[in-house]
Each structure stands twice: as C-alpha cells, then as structure tokens.
Amino acid sequence: MLSEIPRIAVDPFSEAFISDPYANHAELRDVGPVFWLEAIGAYGVARHDEVTQVLGNHDIFVSSRGLGLADFSREKPFRPPSLLLEADPPLHTRTRDLMNRIVALPVLRAIEPLWREKAKVLVDELLEQQRFDAVVDLAEEFPMRIFPDAVGLMDEGREHLLTYASIVFNAFGPRNKIFEDGMADAEEATAWVAEACKRENLKSDGWGEAVYQSADRGDCSHDEAERLVRSFLSAGVDTTVNGISNLLYAFTQFPDEWQKMDTSTSATRRAFNEGLRWRSTVQTFFRTVAEDTRIGDVDIKEGAKIITFLATANRDERRWDDPHTFDVTRNAAGHVGFGHGIHACLGQMVARMEADALLSAMREKIARIEADGPAVPRLNNTLCSMASVPVKIQKTGN
Ligand code: OVM
C-alpha cells in the first residue's frame, strides 16, 4: 500500500545533491528497501540487494521506456533511442550479440600492445612535470588518444565527443539548469556525431566499419548499424574519462593505496574495479515498470518510474565491509558500477583494458601520487564527473 512507502524530499538532481552525492546516500539506503521520491515522482532503490533485484528483472523493469526520468511511451525521447541501452529483448538480444562480437576478447587482445605503448608515451610526457591535472592531462587525454582510433572515427572534430556524451548523460535527468547549461554547444556536437557515425566517414579498419559489415551480413539493417555506432560514441568516451578521473581522485584521498598496487594486471584490475565501486561513474539509471509488481511488501503499478542508485548500492554496508574506504586489495566484484543483468556494460572489457594499460604504465614510473590542491567536480545529472584533480607525483627510484 502506498501509505507504507517511505517518502523522501531529497532531490537527486538538485545542484546540492549532485555537488556532493555521497553526503546524501546514507539517507537513501536507510529509509527503506524502496522509497518514493517526492521531488521527481518516482520510486527509488539504493541498497545492493534491491538494485540487483530490479536490474536483474528486465521483463518487469524495462529499458525500452527510457533510462531516464522520461517515459518514452508518453514522452518523445530526447534522441532516437539507443538500440542497446534503451531496448528490451528480443531486439536487445540481437543488437547486443552483434556488438559483443565487435569488442570480443580476441579483438581487444590484438589492440592491447598498442594501447600499452600509448600509455607509456603519455606517462613519459607527464613525468616531465612534477604536477599535473589528472583529469585534463591524463584521464581525458588517454581515452581520446586510443578510443576514437579504435572506432575508426574521422580525425576532424573529435573534441565534440566529450560535449556530446555529457549532453546524453544529462538528458537522463530532468530538464534542470545542469541540463540546460550543458546544451550550449549541443547542436554542433550532435551534428558532428551524426556525421561521424556514417559509413563513408568511418575508417576501414575500425569497430565502426565492423558494425556495418555485420549489417552487410544481415545481422541488422544499415540504419541500425548507424545507430549502434552512435552507442560507441555516446558510451565509450566520457565513461572511461570519468572512470579514470574518479580512480585517480580515489588515490589522492587514500595515497597509501598506490604502493599497494603493483604493475601486474591482476593488481591494476582490482584497483580499477574498487575505484568504480568507491566512486561510481554512472551514479543512477532508471527503469520503467511494465506490469504491476511488488518490491518487498510494496505494491508498484505499471507505468511507474524507478531510479536505481548504483553508486549508493556500491557503498551499502549491508553488502560491503568498510564500504567508504578505498582499498585496492579488496575484491570489489559484484559492484554495480557497470550495471547488472542483461544490460551490464558492453564496453567493460574495453574500459578495463584502458585502465590496466594506464595504471601499469603509471605505477612503473610513479612511486607516489598525492593531491596538489582541491579537486573540482563537474556537475552532470548522471555521471560522477570531475573537472579537475590536481596531483603531484614522486618518480620511482629517486
Ligand atoms: C547508447 C548509450 C548511451 C549512453 C550510455 C550508455 C552506459 C549507452 O547510446 O547506447 O551506456
């Protein structure tokens, strides 16, 4: 019964909340297993158990009606829906299988040496300075040096990628000031992305062209291929940029963790996973309730929106020991920073490989990494994003 549901006033898309999301998370977890958010007119789940339950039940908590506050069955989507993110089976099964093959392990293995080489080059450049900005000089720089090339994007205009992604991630929230502020360069960025996804503008050896070759084989239409390439551009850059930014921010907050990580893939992999748990890049995603259901003893009606607080679940003391501590030796497997269930991040192996390459190159040459002034957040309705993380480093061997 509705009256039994805890109702809360917190607005997860207010500037106050987004400027410091972790300050408000305990209330979301503690108020109950499921709650009603007055400010946005949606249900919420913030504990690890309920978040995985909702995400695991994709037939009831559907994606095709949008991953944001808007219900696509009633409101026009902000852009033509993603054929992966904003799709349910059977469409999702077909597009996901196709895209899984494009970023399959053998493909990644083949490209890994190049990424490791590029990571070393970037780290050598950074070592010439003792202080740098871990966001601008590193977290934005590294993915931009490798990912657009892997997709085979045209060279001109790649700077629009970050603008476009921040618009897409803002659009999952309400049309608030954060969204409007991000729309300043929207037209140009959106037009560039539309051009960049066309087959004639993609290089012949990249993942983009590989999607079109799947279409040639009949796995999807050529129009669908264009939209699937758009998914690489939407989800592949800002996510890894902020994943790396947040991880380096974690190291500035827990500087003794750096030495506990060695250059091995098992160590860097663990650290990156723990970084995503401790400070999750994608903070929230919605589902829409496709048929009347229950969570615990709460009745939930068809058509309701429900927001899953992924980042909050990743610090749930019911699931994790000492959850607010960033511990590179922790096994953070089971975190929901990459989501959970059939929609779990398609690019997670790509992201992990980027992080491994970068962390191992850094750890080899850097003995200590510390904050060099206050970090500056960048407000986004969905992403936990950083504008600046100033750091100072000590090289190994001196
Ligand atoms: C897409 C897409 C866009 C944003 C995020 C995302 C986290 C996917 O266009 O498929 O996944």
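Please refer to the structure higher up on the page.
What counts and how
Residues numbered from 1 in each chain as written. Predicted model: local features only at pLDDT ≥ 70, side-chain atom pairs only at ≥ 80, totals over all residues. Heavy atoms only, no water. Near = heavy atom within 4 Å. Polar contact = N/O pair within 3.5 Å; in protein donor to acceptor, adjacent residues only side chain to side chain. Helix = DSSP H or I, 4+ residues; strand = E, 2+ residues; numbered from the N terminus. Salt bridge = Lys/Arg side-chain N within 4 Å of Asp/Glu carboxyl O. Buried < 20%, exposed > 50% of the residue type's maximum accessible area, 1.4 Å probe, protein only. Pairing = 2+ DSSP bridges. Axes fitted to C-alpha atoms, helices over the stretch in contact; angles between N-to-C directions. Contact = heavy atoms within 4.5 Å. Phe/Tyr/Trp six-rings, centres within 6.5 Å; stacked < 30°, edge-to-face > 60°.

We now examine the site of the ligand. Every residue near the ligand is listed here: Arg79, Ser82, Leu85, Val168, Phe169, Ser231, Ser234 and Ala235. One nitrogen or oxygen atom from the side chain of Ser82 is found 2.6 Å from an oxygen atom belonging to the ligand. At a separation of 2.6 Å, an oxygen atom of the ligand approaches a polar side-chain atom of Ser231. Listing elements by their share of the shell around the ligand, those giving two or more residues are helix 8 (160–170) and helix 12 (222–235). Element by element, the count of residues in the shell around the ligand is highest for helix 12, at three residues.

Okay, the pattern of salt bridges next. Summed over all chains, the structure comprises 32 salt bridges. Here Lys365 ties to Asp124 by a salt bridge, and the two come within 2.7 Å at their closest N and O atoms. Taken together, the positions of Lys365 in helix 17 (residues 348–365) and Asp124 in helix 5 (residues 105–127) put the pair 241 residues apart, joining distant regions of the chain. For Lys365, a relative accessible area of 30% puts it in the partly exposed group. For Asp124, a relative accessible area of 34% gives the class partly exposed.

Here we take up unusual backbone geometry. For the peptide bond that leads from Pro89 to Pro90, omega is 5°, which places it in the cis range. Along the chain, the position of Pro90 falls in the loop between strand 4 (61–62) and helix 4 (91–102). Positive phi, close to 50°, is recorded for Asp322, a residue that is not glycine. Using a relative accessible area of 51% as the deciding quantity, one classes Asp322 as exposed.

Take the sheet that holds strand 10 (residues 366–371) next. Strands sit in the order 5-13-10 across an open sheet of three strands; the sheet is antiparallel. Looking at which strands have only one partner, the edges of the open sheet turn out to be strand 5 (131–133) and strand 10. Between one strand axis and the next, the sheet turns by 30° as a mean value, whatever way the strands run.

Turning our attention to the pairing of strand 3 (residues 42–45). In strand 3, alternate side chains face the same way, and those of Ala42 and Gly44 on one face and Tyr43 and Val45 on the other are all buried. Both strand 2 (residues 35–37) and strand 3 contribute to a ladder of three bridges, which runs antiparallel. Looking across to strand 3, one finds that Trp36 is bridged to Tyr43. From the end of strand 2 to the start of strand 3, which pair antiparallel, there are four residues, and Gly41 there has a positive phi angle of about 65°. For strand 3 and strand 9 (residues 305–309), the ladder comprises three bridges, and the chain directions are parallel. Residue Tyr43 lies in a different strand from strand 9, and its bridge partner there is Ile306.

On to the pairing of strand 9. Counting buried positions along strand 9 yields five of five residues, so the element is predominantly enclosed. Burial along strand 9 is two-sided: Lys305, Ile307 and Phe309 facing one way and Ile306 and Thr308 facing the other are all buried. Relative to strand 9, strand 6 (residues 284–289) runs antiparallel, the two being bridged by five bridges. Residue pairing in the sheet places Thr288 in a bridge with Lys305 of strand 9.

To continue, consider helix 11 (residues 207–216). In an α-helix there are 3.6 residues to a turn, and that puts residues three or four apart on one side. With seven of ten residues buried, helix 11 is to be regarded as a mostly interior element. Listed as buried for helix 11 are Trp207, Gly208, Glu209, Val211, Tyr212, Ser214 and Ala215. Contacts made by the buried residues of helix 11 are with helix 4, helix 5, helix 7 (141–151), helix 12 and helix 17.

Within the element layout of this structure, Ser360 appears in helix 17. When its relative accessible area of 11% is taken as the criterion, Ser360 is described as buried. Not counting residues within four places of it along the chain, the set of residues in contact with Ser360 comprises Arg116, Thr263 and Thr268.

This part is about the packing of aromatic side chains. Under the defined criterion, the tally for this structure stands at 15 aromatic pairs. The interplanar angle of 85° and the centroid separation of 5.0 Å between the aromatic rings of Phe172 and Phe285 together place this pair among those described as edge-to-face. Of this pair, Phe172 sits in the loop between helix 8 and helix 9 (177–182) while Phe285 sits in strand 6, placing them 113 residues apart in sequence. In this structure, Phe172 and Phe285 share a single accessibility class: buried. Taken together, the ring pairs in this structure connect Tyr249, Phe251, Phe254, Trp258, Trp278 and Phe326 into an aromatic cluster.

None of the figures reported here should be taken as evidence of function without further support.
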